[in-house]
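Below are the chains, spelled out letter by letter.
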Amino acid sequence: MAAFSLKINGTQHEINVDPTTPMLWVLRDHLHMVGTKYGCGIAQCGACTIHLGDNAVRSCQLPVSSVGDQEITTIEGLSENGDHPVQKAWLEVDVPQCGYCQAGQIMTASALLKKNPNPSDTEIENAMNGNICRCGTYTRIRKAIKMAANTNQNS
Amino acid sequence: MTLVKTKIGRRSFIRTSALAGGGMMVGFSWLASCKMTPEEVNSLPKEWFDINGFLKIGDNGLVTIMSPNPEIGQNVKTAMPMIVADELDVDWKNVIVEQAPLNLDVFQRQLAGGSQSIRAGWEGLRMAGATARKMLRQAAAKAWEVPLEEVTTSNGTLYHKASNKSAGYGEMASAAVGVASPNDPPENIEVPEEVELKDINDFTIIGTDRLNVDGPKIVTGKPLFGIDVQEEGMLTAMIVHPEAFGQTFKSMDAESIKSMPGIIDVFPVDVYPEGVEKQWSDGGGIPQLVAIVGESTWQCMQAKKALKVEWESPSNLESTESYEDDLAKLLDAPAKEPARSDGDFNKAIKGAAKVIERTYSAPFLAHNTMEPMNFFANVTADKAEVKGPIQTPEFLEKTLSSVLGLPIDKIDVGMTRMGGGFGRRLYGHFGVEAAVISKKVQAPIKLVYTREDDMTQGTYRPAYKVRFKAGLDKDNNLIAWSVKGVGTNDDLVFENRFPAGAVDNYLAEKTSLQTKITTGAWRAPRSNFMAGAEQSFMDEVAELAGKDPIEFRLELFDRAIKDPVGPPEKNDYDPERYAGVLKLVKEKANWDGLDNGKARGVSAYYCHNSYVAQVLDLTMDGNKPMVEKVVCAVDCGIVINPISAKNQIEGGIIDGIGHATYSQMTFENGVPQQQNFDSYHLIRNSEAPKQIESYFVDNGIDPTGLGEPSLPPVIGALANAMYKATGKRVYNQPFILEKEIVG
Ligand code: FES
Ligand code: FES
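Under an unreviewed UniProt entry, the name given to chain B is Xanthine dehydrogenase family protein molybdopterin-binding subunit, and the source organism is Maribacter aurantiacus.

An unreviewed UniProt entry annotates chain A as (2Fe-2S)-binding protein originating from Maribacter flavus.

Q: Explain the overall build of chain A here, please?
A: When you go through chain A residue by residue, the secondary structure sums to 5 helices and 5 strands. When the helices and strands of chain A are listed from N to C terminus, the series reads β-β-α-β-β-β-α-α-α-α. Structurally, chain A occupies a C-alpha span of about 45 × 30 × 25 Å along its principal axes. For chain A, with 155 residues in total, the buried portion stands at 58%. Pairs at least 24 apart in sequence give 55% of the contacts found in chain A among residues at least 6 apart. As displayed, chain A offers around 5700 Å² of accessible surface, 46% of which is attributable to carbon and sulfur atoms. Counting 12 positive and 14 negative side-chain charges, chain A places the averaged centre of each group 8 Å from the other.

Q: What am I meant to see in the domain arrangement of chain B here?
A: How large an interface is tends to be reported as the accessible area lost when its parts come together. Residue and element names in this part refer to chain B. Annotation of chain B at the domain level lists domain 1 (2-220), domain 2 (226-314 + 373-448) and domain 3 (322-365 + 460-737). Roughly 1500 Å² of surface becomes buried between domain 1 and domain 3 when both sides are summed, with 57% attributable to carbon and sulfur atoms. The interface formed by domain 1 and domain 3 holds 0 salt bridges in total. Summed over the shared surface of domain 1 and domain 3, the result is 8 residue pairs in polar contact (both at pLDDT 80 or more).

Q: Sorry if this is basic, but what is going on with the state of the cysteines here?
A: Throughout this description, disulfide means a covalent bond between two cysteine sulfur atoms. Residue and element names in this part refer to chain B. As enumerated under the stated definition, the model contains 0 disulfides over all chains in all. Counting only cysteine sulfurs, Cys636 is the nearest neighbor of Cys632, a cysteine outside any disulfide, at a range of 9.9 Å. You can call Cys632 buried: its relative accessible area is 0%.

Q: Explain the nonpolar core to me, please; I cannot follow it from the model alone.
A: As a rule of thumb, nonpolar side chains are buried together in soluble globular proteins. Grouped together as the largest cluster of nonpolar side chains are 109 residues, with contacts concentrated most on A:Trp90, A:Ile145, B:Ile292, B:Leu616 and B:Ile657. Excluding residues within four positions of it along the chain, B:Leu616 makes contact with B:Ala599, B:Arg600, B:Gly601, B:Val627, B:Lys629, B:Val630, B:Ile657, B:Val714, B:Ala717, B:Leu718 and B:Ala721.

Q: How do you make sense of the interface of chain A and chain B when you look at a structure like this?
A: If you look at the interface, chain A gives 53 residues, while chain B gives 59 residues. Each partner contributes to the roughly 4600 Å² buried at the junction of chain A and chain B, and carbon and sulfur atoms together form 56% of this total. The salt bridge involving B:Glu650 is made with A:Arg140; its shortest N-O contact spans 2.8 Å. Our count for the chain A to chain B interface comes out at 31 residue pairs in polar contact (both at pLDDT 80 or more).

Q: Even after reading the chapter, I still don't get the sheet that holds strand E6 (residues 151-154) of chain B, so can you show me in this structure?
A: The strands making up a sheet associate through backbone hydrogen bonding, with each pair oriented either parallel or antiparallel. Residues and elements named next belong to chain B. Pairing in this open sheet of 3 strands is antiparallel, and the strands run E6-E7-E8 from one edge to the other. Here the strands that pair on one side only, and so sit at the sheet edges, are E6 and strand E8 (165-168). For this sheet the average axis-to-axis angle between neighbouring strands, irrespective of direction, equals 25°. By the bridge criterion, 4 bridges tie strand E7 (residues 157-160) to E8 in an arrangement that is antiparallel. Across the sheet, the residue bridging to Thr157 is Gly168, located in E8. Contacts from helix H4 (residues 169-176) reach E6, E7 and E8, with the element oriented near 80° to E8.

Q: Just checking my understanding: could you explain the packing of helix H13 (residues 527-544) of chain B against helix H17 (residues 711-726) of chain B for this structure?
A: Axis angle and axis distance: for two packed helices, these are the angle between their axes and the distance between the axes, and together they describe the pair. All names here are of chain B. Following both chains from N to C, one finds H13 and H17 inclined at 40°, their axes separated by 7 Å at the closest point. Our pair here, H13 against H17, has a crossing hand that is right-handed. Along its contact with H13, which presents Ser527, Asn528, Ala531, Gly532, Gln535, Ser536, Asp539 and Glu543, the element H17 presents Leu711, Pro712, Pro713, Ile715, Gly716, Ala719, Asn720 and Tyr723. The residue inventory of the contact of H13 with H17, partitioned by class, reads 7 nonpolar, 7 polar and 2 charged.

Q: How should the UniProt feature "domain: Aldehyde oxidase/xanthine dehydrogenase a/b hammerhead" (unreviewed entry) in chain B be read in this particular structure?
A: Following the UniProt record, the feature "domain: Aldehyde oxidase/xanthine dehydrogenase a/b hammerhead" (unreviewed entry) maps to residues 220-315 of chain B here. Here residues 220-315 of chain B runs as 16% helix and 31% strand, with 52 Å between its end C-alpha atoms.

Q: What should I look at first to understand the pairing of strand E14 (residues 309-312) of chain B in this one?
A: A regular strand places its side chains on the two faces of the sheet in alternate fashion. Residues and elements named next belong to chain B. The alternating pattern of E14 places Val309 and Trp311 on a buried face and Glu310 and Glu312 on a face that is not buried. Of the strand pairs in this sheet, strand E11 (residues 248-252) and E14 are connected by 4 bridges, and their pairing is antiparallel. Paired with Ser251 across the strands is Glu310, a residue of E14.

Q: Explanation requested: the packing of aromatic side chains in the structure shown.
A: In this description, an aromatic ring pair is defined by two values, namely the gap between the centres and the angle between the planes. Residue and element names in this part refer to chain B. Taken as a whole and judged by the stated rule, the model has 27 aromatic pairs over all chains. Plain terms: the ring middles of Phe498 and Tyr573 are 5.8 Å apart, the flat faces sit at 85° to each other, and that makes the pair edge-to-face. Here the residue Phe498 occupies a position in the loop between strand E22 (478-488) and strand E23 (505-513), and Tyr573 occupies one in the loop between helix H14 (549-562) and helix H15 (575-588), the gap between them amounting to 75 residues. Under the relative-accessibility criterion, Phe498 is labelled buried at 3%. Owing to a relative accessible area of 6%, Tyr573 belongs among the buried residues under this scheme. Their ring planes at 80° and their centres at 5.5 Å tell us that Tyr573 and Tyr578 sit as a pair that is edge-to-face. For the pair formed by Tyr573 and Tyr578, the shared burial category is buried.

Q: Looking at this model, I keep getting lost on a negative patch on the surface. Mind explaining?
A: Residues and elements named next belong to chain B. Residues Glu321, Asp325, Asp326 and Glu668 make up a contiguous surface patch of negative charge. Considering every element that reaches the negative patch, the biggest residue donor is helix H8 (residues 320-332), with 3 residues. Within the secondary structure layout, Asp326 lies in helix H8. Taking the relative accessible area as the measure of exposure, Asp326 reaches 33% and is therefore partly exposed.

Q: In this structure, what is going on with the environment of A:Thr36? I would like to understand it.
A: All names here are of chain A. Within the element layout of this structure, Thr36 appears in the loop between helix H1 (23-30) and strand E3 (49-52). Between the C-alpha atom of Thr36 and that of Gly46, which follows or precedes it by 10 residues, the distance is 9.8 Å. In this view, Thr36 contacts Leu24, Leu27, Arg28, Ala47, Cys48, Ile50, Ser59, Thr74, Ile75 and Glu76; residues no more than four positions away in its chain are not counted.

Q: What exactly am I supposed to notice about the pattern of salt bridges here?
A: Residues and elements named next belong to chain B. The full count for this structure, using the stated rule, is 48 salt bridges over all chains. Between Arg523 and Asp655 there is a salt bridge, and its shortest N-O distance comes to 2.8 Å. Highlighted residues: Arg523 in the loop between E23 and H13 and Asp655 in helix H16 (residues 642-662), separated in sequence by 132 residues. Look at Asp655 and you get buried, because its relative accessible area is 3%. A salt bridge links Asp592 to Lys586; the nearest nitrogen and oxygen atoms lie 3.6 Å apart. You can call Asp592 exposed: its relative accessible area is 60%. Owing to a relative accessible area of 19%, Lys586 belongs among the buried residues under this scheme. Members of the salt-bridge network, linked through shared partners, are Asp332, Glu357, Arg467 and Lys469.

Q: Help me understand the sheet that holds strand E21 (residues 464-472) of chain B, please; the structure alone is not making it clear to me.
A: Residues and elements named next belong to chain B. Taken in spatial order, the 5 strands line up as E15-E23-E22-E21-E16 in an open sheet, and their pairing is mixed. The open sheet is flanked by strand E15 (340-342) and strand E16 (354-362), the only strands paired with a single partner. Neighbour-to-neighbour, the strand axes of this sheet turn through a mean angle of 10°, independent of strand direction. Of the strand pairs in this sheet, E16 and E21 are connected by 9 bridges, and their pairing is antiparallel. Bridging from a neighbouring strand, Val355 pairs with Gly471 of E21.

Conventions and cut-offs
- All residue numbers here refer to positions counted from 1 along the written sequence of the relevant chain.
- For naming, the first written chain is A and the first written ligand is 1, with later ones following in the order written.
- For a predicted model such as this one, the threshold for reporting local features is a pLDDT of at least 70, and the threshold for listing and counting side-chain atom pairs is 80 or more; totals across whole chains, interfaces and linings nevertheless cover every residue.
- Neither water nor hydrogens contribute to the side-chain values; these are computed over all heavy atoms in the structure.
- Secondary structure elements are taken from DSSP: a helix is a run of H or I of four residues or more, a strand is a run of E of two residues or more, and numbering for both begins at the N terminus.
- Exposure categories follow from relative accessible area, calculated using a 1.4 Å probe and restricted to protein chains: below 20% of the type maximum is buried, above 50% is exposed, and the middle band is partly exposed.
- Contacts are residue-level and defined by heavy atoms, with any inter-residue pair within 4.5 Å sufficient.
- Only the protein chains shown count as covering a residue, and every accessible area follows the Shrake-Rupley method with a 1.4 Å probe.
- None of His or the chain ends enter the tally, which takes Lys and Arg as positive and Asp and Glu as negative.
- For charged residues, the charge sits on one atom: NZ in Lys, CZ in Arg, CG in Asp, CD in Glu.
- The domain boundaries here were taken from an automatic or database domain assignment.
- Put simply, buried area is how much 1.4 Å-probe accessible surface two parts lose in total, over both of them, once they are put together.
- For this document, the term salt bridge refers to a Lys or Arg side-chain nitrogen within 4 Å of an Asp or Glu carboxyl oxygen.
- Distance and chemistry together define a polar contact, namely a pair of N or O atoms within 3.5 Å, with one atom able to donate a hydrogen and the other to accept it when in protein, and with adjacent residues in sequence counting only for side-chain atoms on both sides.
- In plain terms, two cysteine sulfur atoms within 2.5 Å form what is called a disulfide here.
- In plain words, nonpolar cores are sets of buried Ala, Val, Leu, Ile, Met, Phe, Trp, Tyr and Cys residues tied together by side-chain atoms within 4.5 Å.
- Only when DSSP finds a minimum of two bridges between them are two strands counted as paired.
- In this analysis, axes come from line fits to C-alpha atoms, helices being fitted only over the stretch in contact, and the angle between any two N-to-C directions falls in the range 0 to 180 degrees.
- Less than a right angle of anticlockwise turn of the near helix away from the far helix marks a crossing as left-handed, whereas a clockwise turn marks it as right-handed.
- Residues were grouped as follows: Ala, Val, Leu, Ile, Met, Phe, Trp, Tyr, Cys and Pro as nonpolar; Asp, Glu, Lys and Arg as charged; and all remaining residues, including Gly, as polar.
- UniProt positions are given in the numbering used here, feature names are shortened, and annotations may be inferred rather than shown by experiment.
- Within 6.5 Å between ring centres, the rings of Phe, Tyr and Trp (the latter by its six-membered ring) count as paired, and their orientation is classed by plane angle as stacked under 30 degrees, edge-to-face over 60, tilted in between.
- Without a salt bridge and with relative accessible area above 30%, a residue can belong to a patch; like charges are then joined within 9 Å and nonpolar side chains (Val, Leu, Ile, Met, Phe, Trp, Tyr) within 5 Å.

As structure tokens, this is what we get:
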């Protein structure tokens, strides 16, 4: 057990856990922030995607001890009122089916758009390939990302 | 307008709040209640009035509609309340949707499976809305002392035009349930014996795009799923199961993990002890397990890795090679009774001018719902509370009653939103496991499977082989058709489906192979393989006949319409509707006109009471099909929610293409060789079609299922297009492994 102070969604959290614990389980079990999902535990499905600084990372492979003072953003903190352009586009396109993968998809998509505000089709597919959607919402995911990219540019 | 008796689900119209002596402030469901915005709180009514089991109306006109069936991503939680709301005649903006609890006194068939929620619920849902509307009208007629016939409604308001009176539903709700009747003494409004249902042309909500009611919670990461459940004092439980199918528990070294941090208990579990009365839904999973209970998931995962368990192995563990051989032998062996025989197939095939025979195969598949199996349970001496992702809550409740020795009314089964179903959560053994573990440790627990546990515990889509044989006469007419199917624990063939009824000499045979590797229903059971095989074969037969594949199929449907073989009621499809989707897709895909340089394939299939035809365009990247576009025509009767219906269709198409191209479960000595997504290839974003277009036949027929029917045929369209691109036919799934397809 070791003590960690983590900045998550703008708030400082103090926790005492085994240093090998992945951020995924710190969030879900210890901080009860369950928007970040478990899908594979081996960085293959993207369900657990969060932002570390500006980067989309798989929290199932991120030991709490490696976070340090880097800022973490989770789906719960992506926007104050659920109105990030990517979230809005996701709703308008009606992307989710079961919805389980979608927090991870949204976190990957929002990190992509931050770095590349106007991605090409291929860039979108490449960036999103690490996020599995078992329900097969891929065509809508691409459409929503394009919509969010356009809103960003027009605003 | 149709007049119907309210007999269906009559018990759901017995009002309860009147007994309580007033409107009840009924809390939001446990999951939804955690965080409400101030606007949400402000807009809540002071009182709710239960009109019937399906809905309650607030004094401010807000309506809560219960969605009775489990939600697995098929979006019934939006569609079912839409049907109620349309008949009730309210503004969808003023509707709040809640997941109903399991209550078979009020609701029927609270099950997600077979794409039947909407079809089976249609009438009852309409009646629930229509009955409530009539009771509100009755209340208004009484209050205003005017004839019932003169009271009309529009968008949540009651009107009496002649006297220029109007009132919102919220104002009349209390009178409608008889708790605040304006008459003295208070008088109950009768539950109507008969109600009018809307003319389908008067629908204002059904047939319009309505966004997923859980959408805002999904995109902001609110707790919705079983795996998100958090309760006071809750512990985490995990399982360890045998490595190979057929093994049983021998011994373990519990001490090796008991001292690990956070570990509370470890013990073997017999999920279904002797004498337990099992339900059909208890087929899946592995009944002998080891349970680990701890404080947190990560601690349990560490202990799981460290625990040493010995399993007893039988001598004959199964491998992919062995069941492949056994299935092939079974296919070659003479079948017993044919499942269906019309004319004389053997004689006709002997006299045929051209004969063609082909064999197709497909591997076991895991369901791989994105949310792994999990369940919450809190079992005490006299009651059990369980909740989680379950497609069959009614049957889980019955099994728990037998396993725990508790009466049904002491068992509370809650339904959470599910991170995918695909048939996997029809088999509720994980709910039983959770309850047994909770009982043993005398604490509330949440059982969570790791991905590896989830992928390797069986209940798979069976492995299949099917052989078709067809004969053409000298004028290239199809005169003989046979189908013989084999599967693991499943006999595959639907003998009364097309082309039965369209061919004079028809023979269907089927048989199954028992395996230790367990199997279960997987999205569009049997159809998920049969459609692709049959429609690939149909394409080859059309080619042999020198005919256009769509024309060839249409000729057969024409035969089934005009001069069906055998009694037409025996055929479980309607050839006109079948032909209808094919004609629609032909037009929409510009089948005759377009030459876009892409290879095209066509396919059509009927399952789960709906008809689907598809045209698929692709190019090949090595042996990998890159699907450019799928045009899909669907006849599922009335479409409740088009935006969501299209989502289901798109999902089914991507799912079908993905599994047929990439996915398989293989075994060595009973051990699954794919254990996580590094070795089990699920289709990914860049591998999905670039574009999918869906079109619906508009025929006003009562609605049928949509969760499954778009998946089966697309595999045929894919295989046929791959042939066009490469000149080589594909017969064995996953197609990516078929060596000779690179043309
Ligand atoms: S759970 Fe982290 S990538 Fe799958
Ligand atoms: S919406 Fe179900 S896994 Fe993506």
